[in-house]
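As a plain string of letters, each chain reads:
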Amino acid sequence: GAVVSQHPSRVICKSGTSVKIECRSLDFQATTMFWYRQFPKQSLMLMATSNEGSKATYEQGVEKDKFLINHASLTLSTLTVTSAHPEDSSFYICSATPGQVNTEAFFGQGTRLTVV
Amino acid sequence: SQQGEEDPQALSIQEGENATMNCSYKTSINNLQWYRQNSGRGLVHLILIRSNEREKHSGRLRVTLDTSKKSSSLLITASRAADTASYFCASKGGSNYKLTFGKGTLLTVNP
């Protein structure tokens, strides 16, 4: 089946620094990818839709200057958490769907971000 | 925005028993999908049911969809300890690929 690779799986950074998370579709092209955030024991909350070659679409309440998304190619989207604070600590997950509406989404392994 | 409820929020059963989880959604859909998540890991797709389907099977999984009630259920038969995980439904509507997730059910299968 299709594979989405997310890197890194775990990162610890200091407050004030920026962290970049990569999401790659390994065997299909994805014009659209999605970034989610998940707090402990909660569901996935959609943060933004990453569109290849154009600006990302952010969900209400998500700061676009805080969470920078770049989708420069059909197989790679990146999420950069800028000027990270401890409250940004969370589990971030990306997903991509290879094409048609009635196909499943494939998820990355997730990134556990801890800001100290 | 998040929508959809799942019940129960947590379910604890013994190995060999069946587990049923329910999901409701709010808007019209193209399809509804069920995913599994082990603690601290990514999501694994289990099954997709289209809006014109009423029931679908895959191994020990059985999914039903009632579009008139905007609800779906996931049945896991003959559960195993390895089925212990969180289960999420996700609805897909409109022309984009955006998924809206339910709140999830934490299933614990005791050996």
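Every value quoted in this text rests on a predicted model; they were computed, and no experiment measured them.

Draft legend 1. Structural context of the nonpolar core. Of all hydrophobic cores here, the largest spans 26 residues; its most connected members are A:Phe67 and A:Leu113. Of all the secondary-structure elements, those providing two or more residues to this core are strand S2 (10-13), strand S3 (19-25), strand S4 (32-38), strand S5 (44-51), strand S7 (67-73), strand S8 (76-81), strand S9 (90-96) and strand S11 (111-115) of chain A. Ignoring sequence-local partners within four residues, the contact set of A:Phe67 consists of A:Arg37, A:Met47, A:Tyr58, A:Val62, A:Leu79, A:Thr80, A:Val81, A:Asp88 and A:Tyr92. In terms of nonpolar packing, the next biggest core, distinct from the first, is built from 21 residues, B:Leu11, B:Leu32, B:Trp34 and B:Ile76 among them.

Draft legend 2. Spotlight on the pairing of strand S11 (residues 105-110) of chain B. Residue and element names in this part refer to chain B. Alternating positions in S11 separate cleanly, Thr-105, Leu-107 and Val-109 being buried on one face and Leu-106, Thr-108 and Asn-110 remaining unburied on the opposite face. Pairing of strand S2 (residues 10-14) with S11, which is carried by five bridges, proceeds in the parallel orientation. Directly across from Ser-12, in S11, lies its bridge partner Thr-108. As paired elements, strand S9 (residues 85-92) and S11 share three bridges and run antiparallel to each other. When the bridges of S11 are listed, Tyr-87 appears paired with Thr-105.

Draft legend 3. Representation of the sheet that holds S8(A) in the model. Residue and element names in this part refer to chain A. Spatially, the four strands line up as an open sheet ordered S1-S3-S8-S7, and their pairing is antiparallel. Each of the sheet's edge strands pairs with one partner strand only, and the pair in question is strand S1 (4-7) and S7. Within this sheet the neighbouring strands show an average axis-to-axis angle of 15°, counted without direction. Relative to S3, S1 is paired through four bridges, and the arrangement is antiparallel. Its bridge partner being in S3, Val-4 is matched across the sheet by Ser-25.

Draft legend 4. Region of the structure containing the pairing of S4(A). All names here are of chain A. Burial runs high along S4: seven of the seven residues are buried. Of the two faces of S4, the one holding Thr-32, Phe-34, Tyr-36 and Gln-38 and the one holding Met-33, Trp-35 and Arg-37 are both buried throughout. Relative to S5, S4 runs antiparallel, the two being bridged by seven bridges. Along S5, the bridge assignment pairs Phe-34 with Thr-49.

Calculation criteria
Residues numbered from 1 in each chain as written. Chains lettered and ligands numbered in written order. Predicted model: local features only at pLDDT ≥ 70, side-chain atom pairs only at ≥ 80, totals over all residues. Heavy atoms only, no water. Core = buried A, V, L, I, M, F, W, Y, C linked by side-chain atoms within 4.5 Å. Buried < 20%, exposed > 50% of the residue type's maximum accessible area, 1.4 Å probe, protein only. Helix = DSSP H or I, 4+ residues; strand = E, 2+ residues; numbered from the N terminus. Contact = heavy atoms within 4.5 Å. Pairing = 2+ DSSP bridges. Axes fitted to C-alpha atoms, helices over the stretch in contact; angles between N-to-C directions.

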